[in-house]
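Structure assessment
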Amino acid sequence: MPVLLQVENLRTQFYTSAGTVRAVDGISYTVNEGETVGIVGESGCGKSVGALSILRLIPDPPGKIASGSIRFQGRDILAMSDEELRNLRGAQISMVFQEPMTSLNPVLTIGLQLCETMELHLKLTPEQARSRATELLGMVGISEPERRLQQYPHHLSGGMRQRVMIALALSCNPKLIIADEPTTALDVTIQAQILELMKDLTKRLGVALIIITHNLGVVARYADRVYVMYAGKIIEGGSASDIYHRPLHPYTLGLLRSVPRMDRPRGNRLIPIDGQPPDLTREIEGCAYRPRCSFAVARCEHEVPPLDSVGGGHTSACFEKARLQGLLKEAS
Amino acid sequence: MSAVAGATLQPGASRATQAGQPLLEVRNLKMHFTMTRGILSRGAAAKIKAVDDVSFTIARGETLGLVGESGCGKTTTGRCILHLEKPTAGEIIFEGQNLTNLGRKALNEKRERMQVIFQDPYSSLNPRMKVGAIIGEPMKVHGIYRNQKEREKRVAELLSVCGLNPKFMDRYPHEMSGGQRQRVGIARALSLNPHFIVCDEAVSALDVSIQAQVINLLENLREQFNLSYLFIAHDLSVVHHLCHRVAVMYLGRLVELADSDELFSNPLHPYTQALLEAVPIPDPDVEKQRAHRVMKGEIPSPINPPSGCVFHPRCPLAVGSCQQEVPGLRELKPGHWVACPRV
């Protein structure tokens, strides 16, 4: 599949009174046309800032994209003029945010918010926009779409609002949707409804999807490929099956061992990762995961391990990946 | 045998009698809130049945999980047990005494033995108090260790039991991470040597790697002090891991109760089945083989709940009679209780 989005060596920093926060510290990844890519990591690992950077939605000041390039269909987003950017946002790349209450305008009707986008980007007449809005709401599973168009966001439940957000994201036939924790605020049965809907629609319409989440289960269920982030860096990438069954970074392994699994009988203790993630306002020497890592060796203290390929699209940023691989093979 | 007489109403009684007297028994608990129309009009506009006829027991050293989606009444149940909320009806029998009849003084004495750990480690600790004062306050209130030196010694002990360095005593909550703060909340709950702790979404706000640390801490403490937990949570994987038995709530009612492994491998109520199917498992190969059926509809408003079985509008098994009859819990297998006549 052709490459749709190529992020290279992206660095996004925040200049605060407490110091420079290296929220995203040199990440590189690709998203192919029509595929679903999962980006996982814990709070503060830079996964959301990385996503907002793609659309240049980082508040400046205090934030700034310090270096790197983001190529979408070959064009560098970081070099675009404001007008080019406006034509891109919401049209070719759209976003679904975590909190559907704060991302919809509370004083405008659902219909107005949907139609405005389409009139602007697709140059539709108000009548055309209205009929397409009705069609979109039906597509995302909202009953009585005609009536819903006249309603305000507070009339709808959280799940319904997130459906509206998805309709909005799809309204201008984007090539890429970035979903930042799209179901974190929702109950588990509603989460399943929304994720199944997103999967069906993106597959059917051939839209690529970046799904950003801390939930390893969601990624396992929906993503074709996965990137794992820690302290502003991608530390491992690969197919979902590689990441979950043949992890080649101690952090990924640690995460997988930390989550309880309900499909296995009870009785075993979890194996948590000791310690805490580092403070990103301080300069980190060597591998950021070293203080929590049971595989660390002397060189981890001073050298930053590069994200090396181990073949088959599987990458890992760990000096000791061969030892880890050997141990896991032995264990299985 | 008197405890078994009302067996259909007290699921879990059989197990509890095996282990002797249950530590806690909740009988036909009801908590109905009255909604007023607005500040200017008097009189009730609607009644919300937040908890409706819920019964269960918890044995000494046992963890009972209480799961369900937002608004199902799981937190209210926990608050009623602690008497933070005065129940509309029902009995709460803790260590052989009915809390609903106790006077204030006697209730306060019982409260020493029951504590709570809250979800949000940010808002449940007073930002102006040092950690030492936060953990020491319950002891002060209940008049244990009146001597400050002794109290400090006890605080230091509690901190190290919870995996924190005793020097954290002189810190403020804002100087600590979420995981550390949750440990402070746990140390505070332990300060009066409780027998029973309500853990209300106690690990939900934590990141995966920190969550595992706190889960292990809760398990260790349970073993060390023979604690009983009511573990209220929406994360089913965590509940399965941590709980001996699990109760599932839907719109204020208990729909299923069973041993943890039994409930997760053999769910009988259609709601429990849908709930478990919705939880993604962190394994792409397992996920590929699972049916991703999606339950239709959303949870109805508790102000105007459906008649009969509250789950019938979303239920794949529903028949006409489900709209009229409220199903009671039946014991289909030893210790496995289900509120559905169709399974």
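Refer to the preceding data block for the structure.
In short, a report on the structure. Since we're looking at a predicted model, the values are computed, not measured. (Residues numbered from 1 in each chain as written. Chains lettered and ligands numbered in written order. Predicted model: local features only at pLDDT ≥ 70, side-chain atom pairs only at ≥ 80, totals over all residues. Heavy atoms only, no water.)

All names here are of chain B. Examined against the element boundaries, Glu256 turns out to sit in strand S10 (residues 253-259). Here Glu256 sits buried without a salt bridge, and the closest side chain of opposite charge, Lys333, lies 8.8 Å off (N-O distance). A polar contact is formed between the side chain of Glu256 and the backbone nitrogen of Leu268, at a distance of 2.9 Å. Among the polar contacts listed, one links the side chain of Glu256 to the side chain of His336, at a separation of 2.5 Å. (Helix = DSSP H or I, 4+ residues; strand = E, 2+ residues; numbered from the N terminus. Buried < 20%, exposed > 50% of the residue type's maximum accessible area, 1.4 Å probe, protein only. Lys, Arg positive; Asp, Glu negative; His and termini not counted. Salt bridge = Lys/Arg side-chain N within 4 Å of Asp/Glu carboxyl O. Polar contact = N/O pair within 3.5 Å; in protein donor to acceptor, adjacent residues only side chain to side chain.)

On to the interface of chain B and chain A. Listed per partner, the contact involves 49 residues of chain B and 43 residues of chain A. Between chain B and chain A, a total of about 4000 Å² is buried, with carbon and sulfur atoms accounting for 56% of that surface. Counting the surface chain B buries against chain A, the share from its top three residues, Val208(B), Pro282(B) and Glu298(B), is 16%. Joining chain B to chain A, the criterion identifies four salt bridges. Taking the shortest distance from any N to any O, the salt bridge between Arg261(A) and Asp283(B) comes out at 3.4 Å. Counting across the chain B and chain A interface gives 28 residue pairs in polar contact (both at pLDDT 80 or more). (Contact = heavy atoms within 4.5 Å. Buried area = accessible area lost by both parts, 1.4 Å probe.)

For the rest of this paragraph, the subject is the sheet that holds strand S9 (residues 225-230) of chain A. Consider a sheet: its strands pair through backbone hydrogen bonds, and that pairing is either parallel or antiparallel. Residues and elements named next belong to chain A. If you walk across this open sheet you meet the eight strands as S6-S7-S8-S3-S9-S10-S12-S11, and the pairing is mixed. If you trace the sheet from one side to the other, it starts and ends with strand S6 (93-96) and strand S11 (308-309), each paired once. With four bridges connecting them, S6 and strand S7 (residues 176-180) associate as parallel partners. Note that in S7 the partner of Val96 across the bridge is Ala179. (Pairing = 2+ DSSP bridges.)

Turning our attention to the packing of helix H5 (residues 131-141) of chain B against helix H6 (residues 148-161) of chain B. All names here are of chain B. Here H5 crosses H6 at 115°, and the two axes come no closer than 10 Å. As H5 runs across H6, the sense of the crossing is right-handed. Across the interface between the two elements, Val131, Gly132, Ile135, Gly136, Met139 and Lys140 from H5 touch Arg151, Arg154, Val155, Leu158 and Leu159 from H6. (Axes fitted to C-alpha atoms, helices over the stretch in contact; angles between N-to-C directions. Left-handed = near helix turned anticlockwise from the far one by under 90°.)

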